[in-house]
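Each chain, letter by letter, is given below.
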Amino acid sequence: PVTNRLLLEFRFMKRDSQSTRPLTNIYFTHDPRGVLLNSVTEQATGLNYRASNTTATSSKNPVRQPKFTLSYITGSHDLKVGFNLGYQHQDQKAYSIDSPISFRFNNGVPNQLTMLATPWRTFIDEQDHGMFVQDRWSMGRATLTGGLRYDYFHVSFPAQTVGPSLVAPGRKFDFPETEGVKWHDLQPRAGLAYDLFGDGKTALKGDLNQYLVFYGSPSAGRTRTAPAST
């Protein structure tokens, strides 16, 4: 509190998360000569054996979010303004736990070979900012509320390189820094509350507001897939 009517609030959130799967198969001992196990899926039963046939990912996601709010409050009037900033970075690596080559059999007869061009690595930057102003007036039994919020959402991809893999030893793709989505949005807020009997026990309330649905990954096009061969 600055005065008995003026209040300043500041909050800061720092979060560092990491998710990963084993780099190698912990249930099988690989050949000491470096030979990896190939996965086999039996088409007749759906059984998968010998090795994993999925692409694993390891991801680091640091997030920083400062928020600031200023409130000016009187007996019948309440004004509030503020902003929030959001910064997020994703560092994700995709890889095969076992061999990037897998087979499909039908009653023991091979009928499909799949080769994955793992590993690859991607980087994504995301900004999610907002500003708002709202005011509330109390006049007799009625209380009116009005407000306006501005949101800014921006996704970009830093320059990155996809290098060689086991099945694509000559691969080298250089991606320049690339812009993703960049959205701006304004949302109004309006509300009315009326004390029906003037005793503070029964009120009639109504609101007319607009809100944004969460637009983070993957709906906002945050994912850029590196080339692979099948």
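If you're wondering where the values come from, they're calculated on a predicted model, not measured in any experiment.

**Some details on the pairing of strand β7 (residues 101-106)**
The two faces of a sheet get side chains in turn, since along a regular strand they alternate between them. Where strand β2 (residues 39-42) meets β7, four bridges bridge the pair, whose relative direction is parallel. Along β7, the bridge assignment pairs Glu42 with Phe105. In the sheet, β7 pairs with strand β8 (residues 109-115) via six bridges, with the strands oriented antiparallel. Residue pairing in the sheet places Ser102 in a bridge with Thr114 of β8. The antiparallel pairing of β7 with β8 creates a hairpin that spans two residues between the two strands, and Asn107 there sits at a positive phi of about 55 degrees.

**What to know about the environment of Thr161**
Looking at where Thr161 falls in the secondary structure, it is placed in strand β11 (residues 160-162). The exposure class assigned to Thr161 is partly exposed, which follows from its relative accessible area of 42%. Counting along the chain gives 39 residues from Thr161 to Thr122, while the straight-line C-alpha distance between them is 8.4 Å. Ignoring any residue separated from it by four or fewer positions in sequence, one finds Thr161 in contact with Lys172, Phe173 and Asp174.

**Examining the sheet that holds β2**
The four strands lie next to each other as β3-β2-β7-β8, forming an open sheet whose pairing is mixed. Whereas interior strands pair on both sides, the edge strands pair on one side only; in this sheet they are β3 (48-49) and β8.

**What to know about the packing of aromatic side chains**
Applying the stated criterion to the full structure yields three aromatic pairs. Judged by centre distance (5.7 Å) and plane angle (35 degrees), the ring pair of Phe68 and Phe83 falls under tilted. In this pair, Phe68 sits in strand β4 (residues 55-73) while Phe83 sits in strand β5 (residues 77-84), placing the two residues 15 residues apart along the sequence. For the ring pair Phe103 and Phe105, a centre distance of 6.4 Å and an interplane angle of 50 degrees mean the geometry is tilted.

What counts and what doesn't
Residues numbered from 1 in each chain as written. Predicted model: local features only at pLDDT ≥ 70, side-chain atom pairs only at ≥ 80, totals over all residues. Heavy atoms only, no water. Pairing = 2+ DSSP bridges. Helix = DSSP H or I, 4+ residues; strand = E, 2+ residues; numbered from the N terminus. Buried < 20%, exposed > 50% of the residue type's maximum accessible area, 1.4 Å probe, protein only. Contact = heavy atoms within 4.5 Å. Phe/Tyr/Trp six-rings, centres within 6.5 Å; stacked < 30°, edge-to-face > 60°.

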